[in-house]
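Notes for the structure review
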Amino acid sequence: MRPIVDSPIPTFVFDDREELARTLADEVEALVTRSQGAVLGLATGSTPIDAYREFARRRRVNGLSFARATTFNLDEFVGLGAEHAQSFRRWTRENLFEHVDFDPARTHFPDADAHDRAAASREYEDAIRAAGGIDLQILGIGRNGHVGFNEPGSDRDSRTRAVELHPWTREDAAKSFGSMEFVPLRAITMGVATILDARRLRVIALGAKKAEIVRQTLRASQSRALPSTWLRGHADVRLYLDLDAASSL
Ligand code: PGA
């Protein structure tokens with residue numbers, strides 16, 4: 001692992017993705033084993049999956065317990081229902097919760113299927129606050145600079161809300177849905193300000209497809225055209241990259 005010097009976000013490049021996953025897992029382990037437990041913000045998809053596999057391995061091999069931890073997922077598609085194969089609720093259950101011992105009563109998802117999504121969004125913000133805020137938020141970056149589903153155009157002070165998905169986001173999701181026409185048009189996401197409220201942000205980008213947005217996240221001027229630029233200036237943010245994602249730096 002090597003740090004990038006003079007980066008506006010402390011940035012670390014790993015030539016081994018497993019080492020990246022272990023680095024994040026070390027930090028999460030230290031948090032969840034504190035007597036007061038931890039509040040984790042969870043991303044989904046291929047970006048965090050190695051870290052989640054490492055959580056599961058530590059559960060199996062070392063008996064690491066997540067039972068005192070609380071979780072809040074970042075986002076969810078509108079209109080799928082919790083059991084849909086592509087819902088983030090189901091993905092998180094199958095890829096994380098079934099392999100570790102989180103207490104289901106302490107796991108939270110934005111209610112994308114609520115009749116009143118504005119009220120559900122406010123309730124999500126309230127629940128995060130009532131839990132004491134997020135200690136560590138795990139994040140990916142979309143090719144278009146989205147964080148969560150805060151697509152281009154998202155303000156620095158945005159909060160949990162329903163959003164329209166950007167064409168690139170739907171395009172990237174099309175493979176897992178089988179075709180673009182099955183990809184939902186909308187989602188609920190934590191806002192940029194909700195994310196920036198987390199005490200630590202650990203942002204992962206993997207693969208050559210992310211090289212350009214990683215470069216822009218660090219070098220472009222901060223604006224809502226590139227929501228990932230809002231991460232700069234957070235008091236405790238780190239960017240973890242593999243070699244390909246770092247190839248344009
Ligand atoms: P991924 O990227 O879909 O490649 O995991 C993260 C994201 O789009 O937020």
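Higher on the page you've got the structure.
The rules behind each value
- Position labels on residues start from 1 in each chain and follow its written sequence.
- Owing to the predicted nature of the model, reporting of local features is limited to residues with pLDDT of at least 70; listing and counting of side-chain atom pairs is limited to 80 or more, with chain, interface and lining totals taken over all residues.
- For the side-chain quantities, the full set of heavy atoms in the structure was used; hydrogens and water were omitted.
- Axes, fitted as lines to C-alpha atoms, cover a helix only where it is in contact. Angles between the N-to-C directions of the axes lie from 0 to 180 degrees.
- Helix and strand labels come from DSSP, where a helix needs a run of H or I of at least four residues and a strand needs a run of E of at least two; each type is numbered from the N terminus.
- Throughout, the term roughly parallel applies to angles under 35 degrees, roughly antiparallel to angles over 145, roughly perpendicular to angles from 65 to 115, and oblique to all others.
- In what follows, residue pairs with any heavy atoms lying within 4.5 Å of each other are defined as contacts.
- In this count, Pro and Cys sit with the nonpolar residues alongside Ala, Val, Leu, Ile, Met, Phe, Trp and Tyr, while Asp, Glu, Lys and Arg are called charged and the others, Gly among them, polar.
- When the centres of two rings from Phe, Tyr and Trp lie within 6.5 Å, Trp using its six-membered ring, the rings pair. Their planes under 30 degrees apart give stacked, over 60 give edge-to-face, and anything left gives tilted.
- To sort residues, take the accessible area from a 1.4 Å probe on protein chains only and compare it with the maximum for the residue type: under 20% means buried, over 50% means exposed, and anything in between is partly exposed.
- Counting as a charge over the ring demands two things of the Lys NZ or Arg CZ atom: a distance within 6 Å of the ring centre and an angle within 35 degrees of the ring normal.
- One heavy atom suffices: a residue is near a molecule or strand as soon as one of its heavy atoms comes within 4 Å of it.
- A 3.5 Å cut-off defines polar contacts: any pair of N or O atoms within that distance qualifies, except that in protein one atom must be a possible hydrogen donor and the other a possible acceptor, and neighbouring residues in sequence count only when both atoms are side-chain atoms.
- Accessibility throughout is a Shrake-Rupley quantity obtained with a 1.4 Å probe, and a residue counts as covered only by protein chains that appear here.
- Salt bridge criterion: a side-chain nitrogen from Lys or Arg within 4 Å of a carboxyl oxygen from Asp or Glu.
- A pair of strands is labelled paired if DSSP reports no fewer than 2 bridges between them.
- Look down the strands so they point away from you; if going from the first strand over the helix to the second traces a clockwise path, that crossover is right-handed.

Where helix H2 (residues 49-62) contacts helix H3 (residues 88-97), the axes come no closer than 9 Å and their chain directions differ by 45 degrees. Of the possible angle classes, the one that applies to H2 and H3 is oblique. Contact with H2, carried on its side by Ile49, Tyr52 and Phe55, involves Trp91, Asn95 and Leu96 of H3 and no other residues of that element. Residues belonging to the contact of H2 with H3 are distributed by class as follows: 5 nonpolar, 1 polar and no charged.

Before going further, it helps to spend a moment on the packing of aromatic side chains. To describe a pair of aromatic rings, one takes the distance between the centres and the angle between the planes. Across all of its chains, the model carries 13 aromatic pairs by this definition. Ring geometry for Phe55 versus Phe66: centroids 5.5 Å apart, planes at 35 degrees, classification tilted. Here Phe55 is found in helix H2, whereas its partner Phe66 is found in the loop between H2 and strand E4 (70-73), with 11 residues between them in sequence. Between the aromatic rings of Phe77 and Phe177, the centroid separation amounts to 5.3 Å while the plane-to-plane angle is 90 degrees, which identifies the pairing as edge-to-face. Separated by 100 residues along the polypeptide, Phe77 in strand E5 (residues 75-77) and Phe177 in helix H5 (residues 167-177) bring together distant segments of the chain. Both residues of the pair, Phe77 and Phe177, belong to the buried class. Here a set of aromatic residues connected by ring pairs shows up, and it is made of Tyr52, Phe55, Phe66, Trp91, Phe97, Phe102 and Phe109. Directly above the aromatic system of Trp168 lies the positively charged group of Arg143, at a separation of 4.9 Å from the ring centroid.

Once that is clear, we can look at the site of the ligand. Close to the ligand lie Ser46, Thr47, Gly140, Ile141, Gly142, His146 and Lys210, which account for all nearby residues. Contact between the ligand and Thr47: an oxygen atom at 2.6 Å from a side-chain N or O atom of the residue. Side-chain polar atom of His146 to an oxygen atom of the ligand: 2.7 Å apart, as the coordinates give it. Here the ligand has 280 Å² of accessible area as a free molecule, and 67% of this is covered by the chains. Class assignment of the residues belonging to the shell around the ligand gives a composition of 1 nonpolar, 5 polar and 1 charged.

With that out of the way, let us pick up the pattern of salt bridges. One pass over the full model with this rule turns up 24 salt bridges. The residue Glu27 makes a salt bridge to Arg202 at a minimum N-O spacing of 2.7 Å. A residue pair is termed long-range when its members are at least 10 positions apart, and Glu27 in helix H1 (residues 17-32) and Arg202 in strand E10 (residues 200-205) qualify at 175 residues. This pair shows no difference in class: Glu27 is buried, exactly as Arg202 is. Ionic pairing is found between Asp236 and Arg202, a salt bridge with its closest N-O pair at 3.0 Å. Linking Asp236 in the loop between helix H7 (211-219) and strand E11 (237-242) with Arg202 in strand E10, this pair joins segments that are 34 residues apart in sequence. Where salt bridges share partners, they join Asp26, Glu29, Glu54, Arg57 and Arg58 into one cluster.

This next bit is on the pairing of E10. Every regular strand shows the same layout, with side chains that alternate between the two sheet faces. Counting buried positions along E10 gives 5 out of 6 residues, so the element sits mostly inside the fold. Strand direction decides the pairing type here: strand E7 (residues 136-140) and E10, joined by 5 bridges, are parallel. Along E10, the bridge assignment pairs Leu139 with Val203. Viewed along the sheet, the connection from E10 through H7 into E11 turns out right-handed.

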